[in-house]
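Secondary and tertiary structure notes
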Amino acid sequence: MSQTLQAIRGMNDILPDEAELWEQFEETVRSWLHSYGYRPIRMPLVEPTPLFARAIGAVTDIVEKEMYSFTDSLNGEQLTLRPEGTAGCVRAVMQHNLLYDGPKRLWYQGPMFRHERPQKGRYRQFHQIGVEALGLVGPDIDAEQIAMCQRLWDDLGLQDIRLELNSLGQVEERQQHRSALIAHFEKHADQLDADAQRRLHSNPLRILDSKNPAMQEIVEAAPRLIDYLGEQSLQHFAGVQSLLKELNIPYRINPRLVRGLDYYNLTVFEWVTDSLGAQGTVCAGGRYDGLIAQLGGKPAPACGFAMGVERLLALWQAQGGQLETVGLDVYLVQQGAAAQSLAFRVAEGLRDNGYAVQLHCGGGSFKSQMKRADASGASFAVIIGDDEAAAGEVSLKPLRSAGEQQRISVDELADELGERLFAWEEENGSL
Ligand code: ATP
Ligand code: MG
């Protein structure tokens, strides 16, 4: 196929076998969110570029180099494919004044776009499930969000995901720490790599995030943000931790956990697994009390997290997650003009009764149609030839169990099918 007809690198097709797995996953996720009182919200995939620059921060990986931005050729507006969901969600909350009657718990899902180097677990179009609680000062909501993640891992049967926790304090505390950090790294400027040098004065906190082995020593020796936290920040952090202890959720405090986005404060957390290689963070989040005000809204506290769907699904499959197939009930084989009009009626009648029916289209011999019926995975074939049509009957043939083909009247079909599917399920468990 010519190059131009291939999908863009790092943007994946999700083919039916896999897409069904996604749907099953999404159903679990939906009922999990419902059970915590979260309501869905859907935002556009495209937002004005300045939203992300202001919300995420100009000197972050995302804004500096990962955004798909373009100029709307019709009106010259600067637009960006959303790289994450929090900015758009908060924009929507402000625009529609959703906090007028109190806190809101919201969630969304869908594709996000980042121009990164594609590799396993890292794509240019990837999917997130985002969860945001707005208007709550915590630390109870922080702890509840962490506990909800734990429940989802349990619901999905996921193991070996550990919780890393840190507090980023408040802006003033971070500023003091920042000065100390810059002083520390300036002392060791000769050991900084190009990335760190570039960030030294723009975003020194991110140097702590560095994975460069050559820099580990000076990073380890750097002043710790936690030592700069004031009374209130420490209390909030202690509050989160004591709730986690009560809930029996193990965690590790990771002083180097700083998160890639500027808008976080106080609690930040990541759920990490070693089972996925380098791309081991499956979920990340924290508090972002300053964001709404930063975007020009009436200040309101907030916290949230986002899960990487591709990474979670990879983990789920690696740990034995399987598709519970809900197959077709009936493949409807039909041949002849009289048979065709009856076949349509029979198929619709079965669907009225709640059965999943695939009607054979496109003609062909009985033999080739029966092959399709076998391959479809349906439990039964319903066969209508002109013979059956003339008698107002159909032939019912089990495809996945022993048993005779049986001729019955059209009126009896739905009941007979129900009984036989029921009997089959009794014997074999669900279909
Ligand atoms: P990373 O450090 O892996 O780049 P991040 O800090 O940029 O992650 P967030 O912006 O916090 O990631 O996004 C939340 C989650 O979304 C991540 O923990 C991860 O599971 C997932 N994610 C982020 N970027 C990608 C990507 N390019 N491809 C697939 N999943 C991603
Ligand atoms: Mg990233």
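Residue positions are counted from 1 within each chain, in the order its sequence is given. All chains are assigned letters beginning at A, and all ligands numbers beginning at 1, according to the order in which they are written. Totals for whole chains, interfaces and linings use every residue, but because this is a predicted model, local features are given only for residues with pLDDT of at least 70 and side-chain atom pairs only at 80 or more, for both listing and counting. Based on all heavy atoms of the structure, the side-chain values leave hydrogens and waters out of the count.

A word on the overall build of the protein. Secondary structure elements are taken from DSSP: a helix is a run of H or I of four residues or more, a strand is a run of E of two residues or more, and numbering for both begins at the N terminus. Within the protein, the secondary structure is distributed over 15 helices and 16 strands. Overall, the protein is about 90 × 55 × 45 Å in size when its C-alpha atoms are taken along their principal axes. By element, 49% of the accessible surface of the protein is carried by carbon and sulfur atoms, the whole surface being about 21,700 Å². Charged residues are defined here as Lys and Arg on the positive side and Asp and Glu on the negative side; His and the ends of the chain fall outside this count. Taken as the charge location is NZ of Lys, CZ of Arg, CG of Asp or CD of Glu. The protein carries 41 positive and 59 negative side-chain charges, and their two centres are separated by 7 Å. Accessibility throughout is a Shrake-Rupley quantity obtained with a 1.4 Å probe, and a residue counts as covered only by protein chains that appear here.

What follows concerns the sheet that holds strand β14 (residues 380–384). Strands pair, by our definition, only if DSSP identifies at least two bridges between them. On the basis of which strands lie adjacent, the open sheet formed by 5 strands has the order β13-β12-β14-β15-β16 and mixed pairing. One side of each edge strand has no neighbouring strand; the edge strands of this open sheet are β13 (357–359) and β16 (406–409). Going across the sheet, the axis of each strand differs from the next one's by a mean of 30°, ignoring polarity. Examined bridge by bridge, strand β12 (residues 330–334) and β13 share 3 bridges and lie parallel to one another. Its bridge partner lying in β13, V330 is registered against V357. By the convention used here, residues are in contact when the closest approach between their heavy atoms is within 4.5 Å. Lines fitted to C-alpha atoms define the axes here, with helix axes fitted over just the stretch in contact, and angles between the N-to-C directions of these axes take values from 0 to 180 degrees. Contacting β12, β14 and β15 (393–398), helix α13 (residues 366–376) runs over the sheet at an angle of about 170° to β12.

To be near a molecule or strand, a residue needs just one of its heavy atoms within 4 Å of it. By nearness alone, 16 residues border ligand 1, and R114, E116, R122, R259 and T281 come closest of all. Any pair of N or O atoms that falls within 3.5 Å is considered a polar contact. Within protein, one atom must be able to donate a hydrogen and the other to accept it, and sequence-neighbouring residues count only if both atoms are side-chain atoms. Contacts to ligand 1 include Q128, whose side-chain N or O atom sits 2.9 Å from an oxygen atom. In isolation ligand 1 has 590 Å² of accessible area, and contact with the protein removes 87% of it. Residue assignment for the shell around ligand 1 shows that the elements contributing at least two residues are β6 (125–134), β10 (281–287) and β11 (302–308).

So, on to the side chain of N254. Along the chain, N254 falls in the loop between β8 (252–253) and β9 (265–273). Burial classes follow relative accessibility: with a 1.4 Å probe on protein chains only, a residue under 20% of its type's maximum area counts as buried, one over 50% as exposed, and anything between as partly exposed. The buried category is assigned to N254, whose relative accessible area is 13%. Within the structure, the side chain of N254 is placed 2.9 Å from the backbone nitrogen of R256, a separation counted as a polar contact. Residues in contact with N254, not counting those within four places in the same chain, are E164, L165 and N166.

Moving on: the pairing of β12. Burial analysis of β12 places 5 of its 5 residues in the buried class, the great majority of the element. Going residue by residue along β12, you find V330, L332 and Q334 tucked away on one face and Y331 and V333 tucked away on the opposite face as well. Crossover handedness is defined by viewing with both strands directed away from the observer: a clockwise path from the first strand over the helix to the second marks the crossover as right-handed. In terms of handedness, the path from β12 via helix α12 (residues 337–352) over to β13 forms a crossover that is right-handed. In this structure, β12 lies alongside β14, joined through 5 bridges in parallel fashion. When the sheet's bridge partners are listed, Y331 is paired in β14 with A381.

The strand order β2-β4-β3 describes an open sheet built from 3 strands, whose pairing is antiparallel. Taken across any chain shown, the strands that pair with only one partner, and hence form the sheet edges, are β2 (46–48) and β3 (69–71). Along the sheet, successive strands turn relative to each other by an average axial angle of 35°, direction set aside. Where β2 meets strand β4 (residues 78–81), 3 bridges bridge the pair, whose relative direction is antiparallel. Within β4, the position partnered with E47 by the bridge is T80.

The next subject is the packing of α12 against helix α15 (residues 410–428). Between α12 and α15, whose axes approach to 10 Å, the crossing angle comes to 35°. The interaxial crossing formed by α12 with α15 has right-handed handedness. Contacts between α12 and α15 pair L342, V346 and L350 from the former with V410, L413, A414 and L417 from the latter. For the contact of α12 with α15, the per-class residue count stands at 7 nonpolar, no polar and no charged. The sense of a crossing depends on the near helix, which, turned anticlockwise from the far helix by less than a right angle, makes the crossing left-handed and, turned clockwise, makes it right-handed. Amino acids are sorted into nonpolar (Ala, Val, Leu, Ile, Met, Phe, Trp, Tyr, Cys and Pro), charged (Asp, Glu, Lys and Arg) and polar (every other residue, Gly among them).

Moving on: the domain arrangement of the protein. Put simply, an interface is often sized by how much accessible area is lost when its parts join up. Start and end positions for the domains come from either an automated domain assignment or a database one. Structurally, the protein comprises domain 1 (16–169 + 229–318) and domain 2 (330–426). Distance between the C-alpha centres of domain 1 and domain 2: 48 Å.

We call a pair of cysteine sulfur atoms a disulfide when they lie within 2.5 Å. On inspection of all chains with the given rule, the structure shows 0 disulfides. Counting only cysteine sulfurs, C283 is the nearest neighbor of C149, a cysteine outside any disulfide, at a range of 3.9 Å. Considering cysteine sulfurs only, C149 is the nearest to C303, which forms no disulfide, with 11 Å between them.

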